[in-house]
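Structure assessment
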Amino acid sequence: MAVSTAARELHLKRGEFIIAVHLGLVRVSTQRGEGSPRVHREEIERLRARDGFPDVLRERVRAVGTAEGARLIGISAGRFTKLARAGCFTPITFYLNRYRAVVWLYLAEELAGFAAREPLLLTGRSPAWVRDRLEGGADQRARNWRVRRVERLMALTDDPWARAAVLAGTLDPLRVAELIDEPSERAHLAGIRPEPVLAPTVPPHAQDTMARLMRAEEPEEALRRQADLIAEVDRARRIRPVPRTDADCRGHGPGHRLADADEQGPGRRTATTDQSVQAIRPALETESDTNTNTNTGAGPARAPAFPLTPAPLAASATDSLGTSKRKRERERRHVPERVSGTTARATSVRAVLARLRLRGLTSRRPHR
């Protein structure tokens, strides 16, 4: 049945049903590509058959704000906020008010348990560690909420790629791209990332606030998530590598395979690169022989084998004055009037080599 129908069957409001799913009290089918989440009839019957239904279930998912939570454990709202900012208890969910401010909600059951365990924090002067955190401007509410959410999503699956997708969702996409350099792997993580099946409802104009809450912003938290992501991806690669796609090739067109060969590093050139070298070798030998013959009797040639521009042709003595001026103008611009077959072949060879060098300098990246 639909989620809305299941909530009515269990006598829960939508927010209470979301908390029940988050806590694992209600099992929901969330198959990707099959539309909205569904709840099996057997699951509803199981919960309705328990003693104390529906009061016991509703008490377990009851969430309170700052004012009601402070009254519940017998302290002021100000002290309640200080304890929450210091990380003494963790929010279960939140909503945005009309000013787009985040309003945190806490489980009443957890607050009662905290009051029973830590009565000294409810009266008298706050401990030194609480004062130090507050004086440093700490606010652990968003971080603790993310930790709880990530732990819950990680516990729902044993698939290493799905677990890595959960961790990737807590980091900035640019940071994920730096950690995972294969486009096919990043696309796979984005495709299997667990959707917020029953996440807090926010209006469209507040999606940016929701996105900020989802991501690890503190340096320590971000470093921890990055380390966890790298470990999960390495484990996933060993268990089930993701097939590479055309998007993994940086270049496009006939020359992109040469760029990939350069990126693979020494000792890992593909046959395509070797074939290209063999194809241009005759042209290299031809130009080398030509340079040697022109310098016979004068020792080895001092000019480089592949100058950046072809040498200008000498002007003929029978050329007219106008023709000589045009020739000198072309020579000044390094544009030859006529190129022989050997020179044309050498020019194409130089272009290929220059392109290979350029790709090797600009597209080289470390290979895992």
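An account of the accompanying structure is given in this report. (Residues numbered from 1 in each chain as written. Predicted model: local features only at pLDDT ≥ 70, side-chain atom pairs only at ≥ 80, totals over all residues. Heavy atoms only, no water.)

1. Remarks on the packing of aromatic side chains
Summed over the entire model, instances satisfying the criterion amount to seven aromatic pairs. Pairing Phe89 with Phe114 gives two aromatic rings, centres 5.2 Å apart and planes at 80 degrees, and the pair type is edge-to-face. Of this pair, Phe89 sits in the loop between α6 (77-85) and β2 (93-96) while Phe114 sits in helix α7 (residues 108-117), and the two are 25 residues apart along the sequence. Considered together, Phe89 and Phe114 belong to a single accessibility category, that of buried residues. Ring centres of Trp104 and Trp145 lie 6.2 Å apart, and the angle between their planes is 55 degrees; this geometry places the pair in the tilted category. Highlighted residues: Trp104 in strand β3 (residues 102-107) and Trp145 in helix α9 (residues 141-155), separated in sequence by 41 residues. A relative accessible area of 8% places Trp104 in the buried class. Residue class for Trp145 comes out buried when judged on its relative accessible area of 4%. (Phe/Tyr/Trp six-rings, centres within 6.5 Å; stacked < 30°, edge-to-face > 60°. Helix = DSSP H or I, 4+ residues; strand = E, 2+ residues; numbered from the N terminus. Buried < 20%, exposed > 50% of the residue type's maximum accessible area, 1.4 Å probe, protein only.)

2. A word on the sheet that holds β2
Spatially, the three strands line up as an open sheet ordered β1-β3-β2, and their pairing is antiparallel. The sheet is open, and its two borders are formed by β1 (63-64) and β2, each paired with just one other strand. Pairing analysis gives four bridges linking β2 to β3, with the strands arranged antiparallel. Residue pairing across strands places Tyr95 opposite Val103, the latter belonging to β3. (Pairing = 2+ DSSP bridges.)

Read these as layout, nothing more, since geometry by itself doesn't imply function.
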